[in-house]
Amino acid sequence: MEKQTISRRFFLFTSSMAASLAFIPAGVKAFYNNVKRAIVRSKEKETVSIIVNKQKHTLSVDSRTTLLDLLREELHLTGSKKGCDHGQCGACTVHIDGQRALSCLSLAVMMEGHEITTIEGLAQDGKLHPMQQAFLECDGFQCGYCTPGQIMSAVACVNEGRTGSVAEIKEFMSGNLCRCGAYNGIVESIQKVAAR
Amino acid sequence: MRPFTFQRIQSLDQASARKANDGHQCIAGGTNLLDLMKKNITVPEVLLDITKALPDQIETTAKGIRIGAMVRNSAAANHDLIRSKFPLVSKALLAGASPQIRNMASIGGNLLQRTRCPYFYDTTLPCNKRNPGTGCGAIDGENRMSAIVGYSTECVAVHPSDLCIALAALDANVIIRTTDKKETIIPFKDFHRLPGETPEQDNNLPVSGIITAVDIPSNQFFKNAAYVKLRDRESYAFALISVAAALELNGNKIVQARLASGGVAHKPWRWYEAEAFLKGKNATLETFQKAAAIVVKETKPLSNNAFKVPMLKGAVEVALQNCLNA
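Note that the structure is predicted; figures quoted are calculated from it, not measured.

Rules used in this analysis
- Throughout, a residue's number is its position along its own chain's written sequence, starting from 1.
- Written order decides the labels, with chains lettered from A and ligands numbered from 1.
- Where totals are concerned, whole chains, interfaces and linings use all residues; where local detail is concerned, this predicted model gives features only for residues with pLDDT of at least 70, and gives and counts side-chain atom pairs only at 80 or more.
- Hydrogens and waters are ignored; side-chain quantities use all the structure's heavy atoms.
- UniProt positions are given in the numbering used here, feature names are shortened, and annotations may be inferred rather than shown by experiment.
- The secondary structure listing takes helices from DSSP runs of H or I that are at least 4 residues long and strands from runs of E that are at least 2 residues long, numbered from the N terminus.
- We call a set of buried residues a nonpolar core when its members are Ala, Val, Leu, Ile, Met, Phe, Trp, Tyr or Cys and they connect through side-chain atoms within 4.5 Å of each other.
- Burial status follows relative accessibility: with a 1.4 Å probe on protein chains alone, a residue under 20% of its type maximum counts as buried, one over 50% as exposed, and anything between as partly exposed.
- Residue contacts are defined here by distance: any two heavy atoms, one from each residue, within 4.5 Å place the two residues in contact.
- Strands were regarded as paired on the criterion that DSSP finds at least two bridges between them.
- Axis angles are defined between N-to-C directions and span 0 to 180 degrees, where every axis is a line fitted to C-alpha atoms and, for a helix, only to the segment in contact.
- Each Phe, Tyr or Trp ring, with Trp reduced to its six-membered ring, pairs with another whose centre is within 6.5 Å; inter-plane angles below 30 degrees give stacked pairs, above 60 give edge-to-face pairs, and intermediate values give tilted ones.
- In this scheme, the term charge over a ring applies when either NZ of a lysine or CZ of an arginine sits within 6 Å of the ring centre and within 35 degrees of the ring normal.

> Before we go on, may I ask you to explain the UniProt feature "domain: FAD-binding PCMH-type" (unreviewed entry) in chain B in this structure?
In this structure's numbering, the residues bearing the UniProt feature "domain: FAD-binding PCMH-type" (unreviewed entry) are residues 1–221 of chain B. Secondary structure within residues 1–221 of chain B divides into 28% helix and 17% strand; the distance between the first and last C-alpha atoms comes to 45 Å.

What follows is the structure, encoded as C-alpha coordinates:
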(Lines give C-alpha, C1' and ligand atoms only; values in the text may rest on other atoms or scores of the structure.)
Protein backbone atom coordinates (compact mmCIF):
# COMPACT_ATOMS: atom_id res chain seq x y z
CA MET A 1 0.00 0.00 0.00
CA GLU A 2 1.25 3.39 -0.97
CA LYS A 3 1.77 5.72 1.95
CA GLN A 4 0.35 9.25 1.65
CA THR A 5 2.97 11.74 2.80
CA ILE A 6 3.32 15.47 2.69
CA SER A 7 6.81 16.51 1.70
CA ARG A 8 8.67 19.08 3.78
CA ARG A 9 8.95 21.33 0.71
CA PHE A 10 5.18 21.24 0.06
CA PHE A 11 4.43 21.98 3.69
CA LEU A 12 6.76 25.00 3.80
CA PHE A 13 5.46 26.35 0.49
CA THR A 14 1.75 26.18 1.36
CA SER A 15 2.15 27.45 4.91
CA SER A 16 4.22 30.43 3.78
CA MET A 17 1.63 31.25 1.08
CA ALA A 18 -1.16 31.11 3.67
CA ALA A 19 0.85 33.34 6.00
CA SER A 20 1.49 35.91 3.28
CA LEU A 21 -2.24 35.95 2.33
CA ALA A 22 -3.08 36.72 5.95
CA PHE A 23 -0.89 39.82 5.71
CA ILE A 24 -2.99 41.42 2.94
CA PRO A 25 -4.49 44.51 4.56
CA ALA A 26 -8.07 44.43 5.71
CA GLY A 27 -9.13 47.11 3.25
CA VAL A 28 -8.93 44.83 0.22
CA LYS A 29 -11.90 46.50 -1.38
CA ALA A 30 -10.43 49.98 -0.96
CA PHE A 31 -7.15 48.74 -2.37
CA TYR A 32 -8.97 47.13 -5.32
CA ASN A 33 -10.87 50.36 -6.00
CA ASN A 34 -7.64 52.37 -5.97
CA VAL A 35 -6.07 49.95 -8.44
CA LYS A 36 -9.19 50.11 -10.63
CA ARG A 37 -9.07 53.91 -10.62
CA ALA A 38 -5.40 53.88 -11.58
CA ILE A 39 -6.05 51.46 -14.44
CA VAL A 40 -8.84 53.53 -16.04
CA ARG A 41 -7.01 55.61 -18.60
CA SER A 42 -7.26 59.39 -18.21
CA LYS A 43 -8.99 59.86 -21.58
CA GLU A 44 -11.84 57.71 -20.28
CA LYS A 45 -12.33 60.01 -17.33
CA GLU A 46 -14.32 63.19 -17.58
CA THR A 47 -14.85 66.18 -15.38
CA VAL A 48 -18.46 67.10 -14.80
CA SER A 49 -20.11 69.92 -12.89
CA ILE A 50 -23.62 69.22 -11.73
CA ILE A 51 -26.01 70.81 -9.30
CA VAL A 52 -27.60 68.35 -6.92
CA ASN A 53 -30.24 69.57 -4.48
CA LYS A 54 -29.07 73.16 -5.09
CA GLN A 55 -25.44 72.32 -4.32
CA LYS A 56 -22.81 72.43 -7.04
CA HIS A 57 -20.36 69.53 -7.33
CA THR A 58 -17.41 69.23 -9.69
CA LEU A 59 -16.16 65.68 -10.01
CA SER A 60 -13.86 63.60 -12.15
CA VAL A 61 -15.67 60.41 -13.10
CA ASP A 62 -15.25 57.33 -15.26
CA SER A 63 -17.23 58.14 -18.42
CA ARG A 64 -19.34 55.01 -17.83
CA THR A 65 -20.74 56.28 -14.52
CA THR A 66 -24.49 56.65 -14.51
CA LEU A 67 -26.12 59.55 -12.69
CA LEU A 68 -27.51 57.00 -10.22
CA ASP A 69 -24.04 55.64 -9.38
CA LEU A 70 -22.66 59.15 -9.09
CA LEU A 71 -25.41 60.10 -6.64
CA ARG A 72 -25.05 56.96 -4.56
CA GLU A 73 -21.33 56.16 -4.71
CA GLU A 74 -19.72 59.61 -5.04
CA LEU A 75 -22.16 61.95 -3.32
CA HIS A 76 -23.47 59.31 -0.87
CA LEU A 77 -27.07 60.27 -1.60
CA THR A 78 -28.43 56.75 -1.26
CA GLY A 79 -32.12 57.70 -1.32
CA SER A 80 -32.37 57.03 -5.05
CA LYS A 81 -32.46 53.26 -5.38
CA LYS A 82 -30.97 50.83 -7.85
CA GLY A 83 -33.77 48.40 -8.63
CA CYS A 84 -33.32 46.93 -12.09
CA ASP A 85 -30.63 49.31 -13.46
CA HIS A 86 -32.31 48.99 -16.88
CA GLY A 87 -35.10 51.57 -16.80
CA GLN A 88 -37.85 49.11 -16.05
CA CYS A 89 -38.76 49.77 -12.41
CA GLY A 90 -38.52 53.52 -11.71
CA ALA A 91 -36.80 53.13 -8.30
CA CYS A 92 -34.03 55.50 -9.46
CA THR A 93 -36.41 58.33 -10.50
CA VAL A 94 -35.02 61.84 -9.90
CA HIS A 95 -35.87 65.24 -11.35
CA ILE A 96 -33.55 66.65 -14.01
CA ASP A 97 -34.26 70.37 -14.51
CA GLY A 98 -37.63 69.80 -12.86
CA GLN A 99 -38.64 66.87 -15.09
CA ARG A 100 -38.82 63.32 -13.78
CA ALA A 101 -36.22 61.04 -15.35
CA LEU A 102 -34.41 57.75 -14.72
CA SER A 103 -30.97 58.28 -13.21
CA CYS A 104 -29.90 54.71 -14.10
CA LEU A 105 -30.31 55.49 -17.83
CA SER A 106 -28.51 58.84 -17.65
CA LEU A 107 -24.76 59.19 -18.03
CA ALA A 108 -23.28 61.42 -15.34
CA VAL A 109 -21.03 63.15 -17.89
CA MET A 110 -24.12 64.23 -19.85
CA MET A 111 -25.51 66.02 -16.78
CA GLU A 112 -23.06 68.94 -17.14
CA GLY A 113 -24.81 72.09 -15.97
CA HIS A 114 -28.10 70.36 -15.24
CA GLU A 115 -29.97 70.66 -11.96
CA ILE A 116 -30.82 67.42 -10.23
CA THR A 117 -33.28 67.00 -7.39
CA THR A 118 -33.28 63.76 -5.43
CA ILE A 119 -35.55 62.54 -2.65
CA GLU A 120 -33.05 64.09 -0.19
CA GLY A 121 -33.78 67.53 -1.67
CA LEU A 122 -37.56 67.49 -1.26
CA ALA A 123 -37.91 68.38 2.42
CA GLN A 124 -37.49 72.09 3.12
CA ASP A 125 -36.29 73.55 6.43
CA GLY A 126 -36.71 70.23 8.18
CA LYS A 127 -40.32 69.95 7.03
CA LEU A 128 -41.41 67.05 4.85
CA HIS A 129 -42.67 67.75 1.34
CA PRO A 130 -46.49 67.42 1.20
CA MET A 131 -46.11 64.28 -0.93
CA GLN A 132 -43.82 62.66 1.64
CA GLN A 133 -46.33 63.52 4.35
CA ALA A 134 -49.18 62.11 2.24
CA PHE A 135 -47.30 58.82 1.70
CA LEU A 136 -46.98 58.52 5.48
CA GLU A 137 -50.63 59.31 6.10
CA CYS A 138 -52.06 57.12 3.31
CA ASP A 139 -49.80 54.07 3.75
CA GLY A 140 -48.20 54.76 0.36
CA PHE A 141 -45.52 52.11 1.03
CA GLN A 142 -44.75 48.86 2.76
CA CYS A 143 -41.08 47.85 2.48
CA GLY A 144 -40.12 51.33 1.26
CA TYR A 145 -37.57 50.37 -1.39
CA CYS A 146 -39.48 51.83 -4.35
CA THR A 147 -40.75 54.78 -2.30
CA PRO A 148 -38.13 57.46 -3.16
CA GLY A 149 -38.76 56.82 -6.85
CA GLN A 150 -42.52 56.70 -6.32
CA ILE A 151 -42.48 60.02 -4.45
CA MET A 152 -40.30 61.77 -7.06
CA SER A 153 -42.60 60.47 -9.78
CA ALA A 154 -45.73 61.38 -7.80
CA VAL A 155 -44.54 64.99 -7.31
CA ALA A 156 -44.01 65.24 -11.08
CA CYS A 157 -47.38 63.61 -11.79
CA VAL A 158 -49.10 66.38 -9.79
CA ASN A 159 -46.96 69.10 -11.42
CA GLU A 160 -47.85 67.74 -14.88
CA GLY A 161 -51.56 67.88 -14.00
CA ARG A 162 -52.10 64.20 -14.69
CA THR A 163 -54.34 63.56 -11.70
CA GLY A 164 -57.80 63.91 -13.28
CA SER A 165 -58.92 60.38 -12.44
CA VAL A 166 -57.64 57.22 -10.78
CA ALA A 167 -57.09 55.77 -14.27
CA GLU A 168 -55.04 58.80 -15.31
CA ILE A 169 -52.93 58.65 -12.14
CA LYS A 170 -52.28 54.94 -12.68
CA GLU A 171 -51.32 55.49 -16.33
CA PHE A 172 -48.93 58.30 -15.45
CA MET A 173 -47.42 56.35 -12.53
CA SER A 174 -46.95 53.19 -14.61
CA GLY A 175 -43.18 53.73 -14.80
CA ASN A 176 -42.84 53.00 -11.06
CA LEU A 177 -43.29 49.43 -9.92
CA CYS A 178 -44.05 48.39 -6.33
CA ARG A 179 -43.61 44.72 -5.54
CA CYS A 180 -45.41 45.04 -2.20
CA GLY A 181 -48.44 46.29 -4.11
CA ALA A 182 -48.96 49.54 -2.21
CA TYR A 183 -50.55 51.05 -5.30
CA ASN A 184 -53.88 52.00 -3.68
CA GLY A 185 -52.08 54.01 -1.00
CA ILE A 186 -49.88 55.64 -3.62
CA VAL A 187 -52.89 56.72 -5.71
CA GLU A 188 -54.58 58.01 -2.55
CA SER A 189 -51.46 60.01 -1.60
CA ILE A 190 -51.39 61.63 -5.03
CA GLN A 191 -55.09 62.47 -4.91
CA LYS A 192 -54.59 64.01 -1.49
CA VAL A 193 -51.77 66.31 -2.65
CA ALA A 194 -53.52 67.13 -5.95
CA ALA A 195 -56.63 68.25 -4.03
CA ARG A 196 -54.69 70.82 -2.01
CA MET B 1 -20.10 48.30 -19.67
CA ARG B 2 -16.90 48.55 -21.74
CA PRO B 3 -14.81 51.71 -21.31
CA PHE B 4 -15.30 54.40 -23.94
CA THR B 5 -14.09 57.90 -24.70
CA PHE B 6 -16.72 60.56 -24.25
CA GLN B 7 -16.91 63.58 -26.56
CA ARG B 8 -19.23 66.56 -26.42
CA ILE B 9 -20.22 67.52 -29.97
CA GLN B 10 -20.99 71.16 -30.77
CA SER B 11 -22.24 71.09 -34.38
CA LEU B 12 -24.01 68.84 -36.87
CA ASP B 13 -21.01 68.91 -39.23
CA GLN B 14 -18.75 67.73 -36.44
CA ALA B 15 -21.28 65.07 -35.49
CA SER B 16 -21.60 63.54 -38.99
CA ALA B 17 -17.83 63.73 -39.64
CA ARG B 18 -17.01 61.83 -36.44
CA LYS B 19 -19.92 59.39 -36.66
CA ALA B 20 -18.52 58.09 -39.97
CA ASN B 21 -15.50 56.65 -38.08
CA ASP B 22 -15.45 53.04 -36.89
CA GLY B 23 -16.56 52.49 -33.32
CA HIS B 24 -18.12 55.96 -33.02
CA GLN B 25 -21.65 56.08 -31.71
CA CYS B 26 -23.99 59.03 -31.17
CA ILE B 27 -26.04 59.41 -27.99
CA ALA B 28 -29.00 61.74 -27.39
CA GLY B 29 -31.70 60.56 -24.95
CA GLY B 30 -29.78 57.34 -24.34
CA THR B 31 -32.75 55.40 -22.94
CA ASN B 32 -32.20 52.47 -25.30
CA LEU B 33 -28.49 52.89 -26.04
CA LEU B 34 -27.32 52.91 -22.42
CA ASP B 35 -29.28 49.73 -21.77
CA LEU B 36 -27.60 48.10 -24.80
CA MET B 37 -24.19 49.30 -23.61
CA LYS B 38 -24.73 47.88 -20.14
CA LYS B 39 -25.45 44.50 -21.72
CA ASN B 40 -22.40 44.79 -24.04
CA ILE B 41 -24.67 44.52 -27.10
CA THR B 42 -23.52 47.92 -28.35
CA VAL B 43 -19.86 48.56 -27.52
CA PRO B 44 -18.79 52.01 -28.76
CA GLU B 45 -15.15 53.08 -28.48
CA VAL B 46 -16.12 56.72 -28.71
CA LEU B 47 -19.46 58.07 -27.55
CA LEU B 48 -20.56 61.31 -29.21
CA ASP B 49 -22.92 63.39 -27.10
CA ILE B 50 -24.94 65.20 -29.78
CA THR B 51 -27.61 66.66 -27.49
CA LYS B 52 -26.21 70.20 -27.92
CA ALA B 53 -25.84 69.86 -31.71
CA LEU B 54 -29.35 68.66 -32.61
CA PRO B 55 -32.33 70.97 -33.26
CA ASP B 56 -34.80 70.88 -30.37
CA GLN B 57 -37.67 72.97 -31.74
CA ILE B 58 -41.06 72.16 -33.22
CA GLU B 59 -41.89 74.53 -36.07
CA THR B 60 -44.47 74.92 -38.82
CA THR B 61 -43.20 74.74 -42.38
CA ALA B 62 -44.82 75.49 -45.75
CA LYS B 63 -45.88 71.86 -46.08
CA GLY B 64 -46.61 70.89 -42.51
CA ILE B 65 -44.65 70.55 -39.31
CA ARG B 66 -41.00 69.89 -38.49
CA ILE B 67 -40.05 68.19 -35.23
CA GLY B 68 -36.38 68.62 -34.31
CA ALA B 69 -34.54 65.39 -33.56
CA MET B 70 -33.67 66.49 -30.00
CA VAL B 71 -37.28 67.26 -29.02
CA ARG B 72 -38.08 64.98 -26.12
CA ASN B 73 -40.95 62.54 -26.65
CA SER B 74 -43.05 64.10 -23.86
CA ALA B 75 -42.54 67.62 -25.27
CA ALA B 76 -43.75 66.48 -28.69
CA ALA B 77 -46.72 64.58 -27.23
CA ASN B 78 -47.87 67.61 -25.21
CA HIS B 79 -47.21 70.25 -27.89
CA ASP B 80 -50.38 72.21 -28.79
CA LEU B 81 -49.85 72.02 -32.54
CA ILE B 82 -49.19 68.28 -32.48
CA ARG B 83 -52.17 67.63 -30.24
CA SER B 84 -54.53 69.64 -32.43
CA LYS B 85 -53.28 68.92 -35.97
CA PHE B 86 -51.42 65.62 -35.60
CA PRO B 87 -53.19 63.91 -32.68
CA LEU B 88 -52.17 60.46 -33.94
CA VAL B 89 -48.54 61.35 -33.16
CA SER B 90 -49.43 62.49 -29.66
CA LYS B 91 -51.53 59.39 -28.99
CA ALA B 92 -48.83 57.01 -30.20
CA LEU B 93 -46.15 58.77 -28.14
CA LEU B 94 -48.24 58.62 -24.96
CA ALA B 95 -48.88 54.90 -25.54
CA GLY B 96 -45.14 54.24 -25.42
CA ALA B 97 -42.73 53.79 -22.48
CA SER B 98 -43.24 55.61 -19.15
CA PRO B 99 -43.44 59.34 -18.30
CA GLN B 100 -39.80 59.28 -17.12
CA ILE B 101 -38.54 57.69 -20.34
CA ARG B 102 -40.66 60.00 -22.50
CA ASN B 103 -39.06 62.97 -20.72
CA MET B 104 -35.62 61.67 -21.71
CA ALA B 105 -36.03 59.98 -25.10
CA SER B 106 -35.46 62.05 -28.24
CA ILE B 107 -37.56 61.94 -31.42
CA GLY B 108 -34.51 61.04 -33.54
CA GLY B 109 -33.51 58.27 -31.14
CA ASN B 110 -37.03 56.88 -31.13
CA LEU B 111 -36.61 56.06 -34.84
CA LEU B 112 -33.30 54.31 -34.13
CA GLN B 113 -34.27 52.19 -31.14
CA ARG B 114 -33.56 48.51 -31.54
CA THR B 115 -35.76 45.47 -31.26
CA ARG B 116 -36.63 44.02 -27.86
CA CYS B 117 -36.53 40.44 -29.18
CA PRO B 118 -35.29 38.32 -26.22
CA TYR B 119 -32.70 36.60 -28.43
CA PHE B 120 -31.23 39.97 -29.41
CA TYR B 121 -30.96 40.97 -25.75
CA ASP B 122 -29.37 37.76 -24.43
CA THR B 123 -25.73 37.56 -25.54
CA THR B 124 -25.59 33.84 -24.75
CA LEU B 125 -28.20 33.05 -27.43
CA PRO B 126 -27.91 33.02 -31.24
CA CYS B 127 -29.14 36.13 -33.07
CA ASN B 128 -28.40 37.21 -36.63
CA LYS B 129 -29.20 40.81 -35.80
CA ARG B 130 -26.73 41.05 -32.92
CA ASN B 131 -24.17 38.62 -34.25
CA PRO B 132 -24.65 37.94 -38.00
CA GLY B 133 -24.28 34.29 -39.02
CA THR B 134 -25.21 32.77 -35.64
CA GLY B 135 -28.77 32.01 -36.72
CA CYS B 136 -32.19 33.12 -35.52
CA GLY B 137 -33.15 31.60 -32.20
CA ALA B 138 -36.66 32.98 -32.28
CA ILE B 139 -37.87 31.53 -35.56
CA ASP B 140 -38.35 28.07 -34.03
CA GLY B 141 -38.09 29.17 -30.42
CA GLU B 142 -39.74 31.72 -28.16
CA ASN B 143 -41.49 33.78 -30.83
CA ARG B 144 -44.63 34.87 -29.02
CA MET B 145 -43.68 38.55 -29.47
CA SER B 146 -42.22 38.12 -32.97
CA ALA B 147 -43.36 39.13 -36.45
CA ILE B 148 -46.35 37.82 -38.36
CA VAL B 149 -45.54 39.52 -41.64
CA GLY B 150 -42.47 40.61 -43.64
CA TYR B 151 -39.97 38.41 -41.78
CA SER B 152 -37.22 36.24 -43.31
CA THR B 153 -35.52 32.96 -42.39
CA GLU B 154 -32.73 35.12 -40.89
CA CYS B 155 -34.79 37.25 -38.50
CA VAL B 156 -38.32 37.47 -37.10
CA ALA B 157 -37.80 40.48 -34.79
CA VAL B 158 -40.29 43.33 -34.61
CA HIS B 159 -39.75 47.08 -34.50
CA PRO B 160 -40.53 48.37 -30.98
CA SER B 161 -41.57 52.00 -31.55
CA ASP B 162 -45.10 53.40 -31.22
CA LEU B 163 -44.25 56.85 -32.59
CA CYS B 164 -42.94 55.30 -35.81
CA ILE B 165 -46.29 53.62 -36.49
CA ALA B 166 -48.02 57.00 -36.46
CA LEU B 167 -45.24 58.57 -38.57
CA ALA B 168 -45.51 55.74 -41.12
CA ALA B 169 -49.29 56.21 -41.30
CA LEU B 170 -48.91 59.96 -41.86
CA ASP B 171 -46.23 59.63 -44.58
CA ALA B 172 -43.60 61.54 -42.61
CA ASN B 173 -40.12 62.27 -43.95
CA VAL B 174 -36.85 61.72 -42.13
CA ILE B 175 -34.43 64.64 -42.50
CA ILE B 176 -30.79 63.58 -42.42
CA ARG B 177 -27.47 65.44 -42.42
CA THR B 178 -24.47 63.67 -43.95
CA THR B 179 -20.86 64.74 -44.52
CA ASP B 180 -21.11 64.86 -48.31
CA LYS B 181 -24.57 66.38 -48.77
CA LYS B 182 -26.23 69.15 -46.85
CA GLU B 183 -29.60 67.48 -46.36
CA THR B 184 -31.00 64.09 -47.34
CA ILE B 185 -34.69 63.28 -47.11
CA ILE B 186 -35.85 59.68 -46.74
CA PRO B 187 -39.61 58.97 -46.91
CA PHE B 188 -40.67 57.15 -43.76
CA LYS B 189 -41.72 53.97 -45.59
CA ASP B 190 -38.15 53.65 -46.96
CA PHE B 191 -36.33 54.49 -43.72
CA HIS B 192 -36.65 51.19 -41.87
CA ARG B 193 -35.69 47.93 -43.58
CA LEU B 194 -37.08 44.42 -43.75
CA PRO B 195 -34.65 41.83 -42.35
CA GLY B 196 -33.99 39.88 -45.57
CA GLU B 197 -30.41 38.57 -45.54
CA THR B 198 -29.06 41.47 -43.48
CA PRO B 199 -31.09 41.75 -40.28
CA GLU B 200 -28.17 43.54 -38.58
CA GLN B 201 -29.24 46.65 -40.49
CA ASP B 202 -32.39 48.14 -39.00
CA ASN B 203 -32.61 51.12 -41.34
CA ASN B 204 -31.14 52.98 -44.31
CA LEU B 205 -29.44 55.76 -42.35
CA PRO B 206 -26.11 56.50 -44.12
CA VAL B 207 -22.89 55.82 -42.17
CA SER B 208 -22.29 59.53 -41.57
CA GLY B 209 -26.01 60.29 -41.35
CA ILE B 210 -27.45 62.18 -38.41
CA ILE B 211 -31.24 62.47 -38.13
CA THR B 212 -31.90 66.17 -37.62
CA ALA B 213 -35.69 66.29 -37.84
CA VAL B 214 -38.90 64.55 -38.83
CA ASP B 215 -41.30 66.35 -41.21
CA ILE B 216 -45.00 65.53 -41.21
CA PRO B 217 -47.06 66.89 -44.10
CA SER B 218 -50.31 68.72 -43.29
CA ASN B 219 -53.34 66.46 -43.58
CA GLN B 220 -57.05 66.20 -42.91
CA PHE B 221 -56.73 63.18 -40.63
CA PHE B 222 -56.67 65.15 -37.39
CA LYS B 223 -60.44 64.88 -36.82
CA ASN B 224 -60.57 61.10 -37.16
CA ALA B 225 -57.47 59.39 -35.88
CA ALA B 226 -56.97 56.63 -33.33
CA TYR B 227 -54.16 54.51 -31.89
CA VAL B 228 -54.92 51.13 -30.36
CA LYS B 229 -52.18 49.25 -28.51
CA LEU B 230 -52.58 45.75 -27.08
CA ARG B 231 -49.94 44.41 -24.70
CA ASP B 232 -49.33 42.03 -21.81
CA ARG B 233 -50.15 44.68 -19.21
CA GLU B 234 -52.26 47.78 -19.43
CA SER B 235 -49.38 50.24 -19.51
CA TYR B 236 -45.59 50.46 -19.86
CA ALA B 237 -45.05 47.43 -22.10
CA PHE B 238 -44.13 46.90 -25.73
CA ALA B 239 -46.94 46.18 -28.17
CA LEU B 240 -48.10 42.70 -29.01
CA ILE B 241 -50.20 44.46 -31.64
CA SER B 242 -50.74 48.14 -32.30
CA VAL B 243 -52.83 49.88 -34.93
CA ALA B 244 -52.68 53.50 -36.05
CA ALA B 245 -55.79 54.39 -38.01
CA ALA B 246 -56.77 57.68 -39.63
CA LEU B 247 -59.71 58.59 -41.84
CA GLU B 248 -60.42 61.62 -43.97
CA LEU B 249 -64.20 61.80 -44.21
CA ASN B 250 -66.66 63.66 -46.39
CA GLY B 251 -69.89 63.17 -44.52
CA ASN B 252 -69.94 59.43 -44.00
CA LYS B 253 -67.79 58.70 -47.05
CA ILE B 254 -64.12 57.80 -46.63
CA VAL B 255 -62.04 60.12 -48.86
CA GLN B 256 -58.87 58.34 -47.84
CA ALA B 257 -57.69 56.04 -45.06
CA ARG B 258 -54.40 55.20 -43.38
CA LEU B 259 -53.70 52.00 -41.49
CA ALA B 260 -50.36 51.01 -39.96
CA SER B 261 -49.31 48.48 -37.34
CA GLY B 262 -46.61 47.87 -34.76
CA GLY B 263 -45.69 44.54 -33.20
CA VAL B 264 -46.20 42.76 -36.52
CA ALA B 265 -43.03 43.33 -38.56
CA HIS B 266 -39.36 44.35 -38.65
CA LYS B 267 -40.51 47.84 -39.66
CA PRO B 268 -43.63 49.94 -39.13
CA TRP B 269 -46.11 48.14 -41.38
CA ARG B 270 -48.61 49.87 -43.66
CA TRP B 271 -51.72 47.94 -44.76
CA TYR B 272 -51.96 49.41 -48.27
CA GLU B 273 -54.49 46.91 -49.60
CA ALA B 274 -56.95 47.62 -46.80
CA GLU B 275 -56.40 51.37 -47.24
CA ALA B 276 -57.27 51.05 -50.95
CA PHE B 277 -60.37 49.04 -50.04
CA LEU B 278 -61.56 51.70 -47.56
CA LYS B 279 -61.22 54.55 -50.07
CA GLY B 280 -64.62 55.72 -51.31
CA LYS B 281 -66.59 53.39 -48.99
CA ASN B 282 -69.06 54.45 -46.33
CA ALA B 283 -67.62 54.50 -42.82
CA THR B 284 -69.65 51.66 -41.31
CA LEU B 285 -68.83 48.77 -39.02
CA GLU B 286 -69.33 46.38 -41.94
CA THR B 287 -66.75 48.25 -44.05
CA PHE B 288 -64.31 48.21 -41.14
CA GLN B 289 -64.80 44.47 -40.61
CA LYS B 290 -64.07 43.81 -44.27
CA ALA B 291 -60.94 46.00 -44.10
CA ALA B 292 -59.76 44.05 -41.04
CA ALA B 293 -60.28 40.79 -42.91
CA ILE B 294 -58.10 42.12 -45.75
CA VAL B 295 -55.40 43.08 -43.23
CA VAL B 296 -55.13 39.65 -41.63
CA LYS B 297 -55.11 37.92 -45.03
CA GLU B 298 -51.51 39.16 -45.40
CA THR B 299 -50.28 37.63 -42.14
CA LYS B 300 -48.31 34.40 -41.69
CA PRO B 301 -47.85 33.68 -37.99
CA LEU B 302 -44.98 31.67 -36.49
CA SER B 303 -45.19 28.63 -34.18
CA ASN B 304 -46.16 30.60 -31.04
CA ASN B 305 -47.85 33.77 -32.19
CA ALA B 306 -50.96 32.75 -34.13
CA PHE B 307 -52.92 34.47 -31.34
CA LYS B 308 -51.78 37.78 -32.81
CA VAL B 309 -53.91 37.34 -35.93
CA PRO B 310 -57.40 37.58 -34.36
CA MET B 311 -55.96 40.20 -32.01
CA LEU B 312 -54.88 42.27 -35.01
CA LYS B 313 -58.26 41.83 -36.68
CA GLY B 314 -60.06 43.12 -33.62
CA ALA B 315 -57.58 45.96 -33.13
CA VAL B 316 -58.09 47.18 -36.72
CA GLU B 317 -61.88 47.17 -36.29
CA VAL B 318 -61.71 48.99 -32.96
CA ALA B 319 -59.15 51.53 -34.21
CA LEU B 320 -61.30 52.39 -37.25
CA GLN B 321 -64.40 52.70 -35.06
CA ASN B 322 -62.48 54.85 -32.59
CA CYS B 323 -61.65 57.18 -35.49
CA LEU B 324 -65.32 58.06 -35.67
CA ASN B 325 -65.41 58.95 -31.95
CA ALA B 326 -62.03 60.66 -31.80
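Alright, that's what it looks like, and here's the rest.
> Explanation requested: the nonpolar core in the structure shown.
Within soluble globular proteins, side chains that are nonpolar generally end up buried alongside one another. Leu-88, Val-89, Leu-111, Leu-167 and Ile-216 of chain B are the most contacted members of the largest nonpolar core, which totals 52 residues. Here this core takes seven residues from helix α9 (residues 163–169) of chain B, the largest share from any one element. In this structure Leu-88 of chain B touches Ala-166, Ala-169, Leu-170, Ala-225, Ala-226, Tyr-227, Ala-244, Ala-245 and Ala-246 of chain B, once residues within four positions along its chain are discounted. Core analysis: the second largest hydrophobic core is formed by 35 residues, Leu-71, Ile-96 and Leu-107 of chain A together with Leu-34 of chain B among them.

> Mind showing me how you'd approach the sheet that holds strand β11 (residues 253–262) of chain B here?
As a general point, the strands of a sheet are linked pairwise by backbone hydrogen bonds and lie either parallel or antiparallel. All names here are of chain B. Taken together, the four strands give an open sheet; going across it, the order is β9-β10-β11-β12, and neighbouring strands pair in antiparallel fashion. Two strands bound the open sheet, and with one partner strand each, they are β9 (225–230) and β12 (269–270). Judged from the six bridges that link them, β9 and strand β10 (residues 241–250) form a sheet pairing that is antiparallel. Of the residues in β10, the one forming a bridge with Tyr-227 is Ala-244. Packed on one face of the sheet, helix α5 (residues 87–95) meets β9 and β10 and runs near 15° to β9. Of the strands in this sheet, β9, β10 and β11 touch helix α13 (residues 308–324), which is tilted by about 35° from β10.

> Any chance you could explain the packing of aromatic side chains here in plain terms?
Where two aromatic rings form a pair, the distance of their centres and the angle of their planes describe that pair. Residues and elements named next belong to chain B. Scanning all chains against the criterion turns up two aromatic pairs over all chains. An angle of 65° between the planes, with centres 6.0 Å apart, marks the rings of Phe-120 and Tyr-121 as edge-to-face. Residue Phe-120 shares its accessibility class with Tyr-121, and that shared class is buried. When the centroid spacing of 6.4 Å and the interplanar angle of 65° are considered together, the rings of Trp-269 and Trp-271 count as edge-to-face. A single burial state applies to Trp-269 and to Trp-271, both of which are buried. Across from the ring centre of Phe-222, 4.3 Å away, lies the NZ or CZ of Lys-85, which sits over that ring. Taking NZ or CZ as reference, Lys-281 lies 4.3 Å from the ring centre of Phe-277, over its face.

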